[in-house]
Amino acid sequence: MIRIVYLFVFIFLGCNKSPILPKPKAFLYKEFAKPNYKNYKNECGYSLDVNVSSIVNSKGCNLNLYNKKFKSTIFISFLKINNNLNLIQSDFNIKVNENSKNAFFVNTSEYSDPEKRVFAKYFSFTGNTPANTHFFITDSVSSFLTGSLYFESKPHYDSLIPYINYTNNDIRKMIQSFEWN
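Predicted, not measured: the structure shown is a model, and the values here were computed from it.

### Considerations on the sheet that holds strand β8 (residues 133–138)
- Pairing is antiparallel in the open sheet, where 7 strands are placed in the order β3-β4-β5-β9-β8-β7-β6. The open sheet terminates on both sides in strands that have one partner only, identified here as β3 (54–59) and β6 (103–113). Taking the axes of each pair of neighbouring strands and ignoring which way they run, one obtains an average angle of 15 degrees across the sheet.
- Here 6 bridges tie strand β7 (residues 118–127) to β8, and the two strands are oriented antiparallel to one another. Bridging from a neighbouring strand, Y122 pairs with F135 of β8.
- The sheet contacts of helix α2 (residues 85–99) involve β5 (72–80), β7, β8 and β9 (143–151), and relative to β8 the element is tilted by about 170 degrees.
- Here helix α3 (residues 157–177) sits on the sheet in contact with β4 (62–67), β5, β6, β7, β8 and β9, set at roughly 175 degrees to β7.

Conventions we followed
- Residues numbered from 1 in each chain as written.
- Predicted model: local features only at pLDDT ≥ 70, side-chain atom pairs only at ≥ 80, totals over all residues.
- Heavy atoms only, no water.
- Pairing = 2+ DSSP bridges.
- Helix = DSSP H or I, 4+ residues; strand = E, 2+ residues; numbered from the N terminus.
- Axes fitted to C-alpha atoms, helices over the stretch in contact; angles between N-to-C directions.
- Contact = heavy atoms within 4.5 Å.

See the structure below:
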């Protein structure tokens, strides 16, 4: 009789708890709306397509493209070339090298449209870097434009990757639509 009571208690208490199993790692899957672009003309002699979800802050010839939803900013700076293209590119390369110290991988691509005098180079960093993307656009004679993507958070690449990929597509669109006026 005692065995039956123990068996009943064991079954009763054992059925109330589910077995302890490790939980699998889960990642958020972000779905973003299809981007829409508008052409932005700057008084400094250039135009480019900008995602309509970005807030454009113009400071003279420089732009800040702020995405409130992602809490990210693309900082764009415009420089005039006065026989110092090598110095400007050297400064840009120093920034890229400093930023790539924490990167596992650096993806580089180039874009050129000789008819529009647009020559660009694009760097995307894989890893916990301060800036996730750097790029420049030049006509190689008189104008040089540089840009960087920053987020308002600590650099956790795994968490930011969907936002980085989405914003990098916007940057590619800016480069491909870029025109000197």
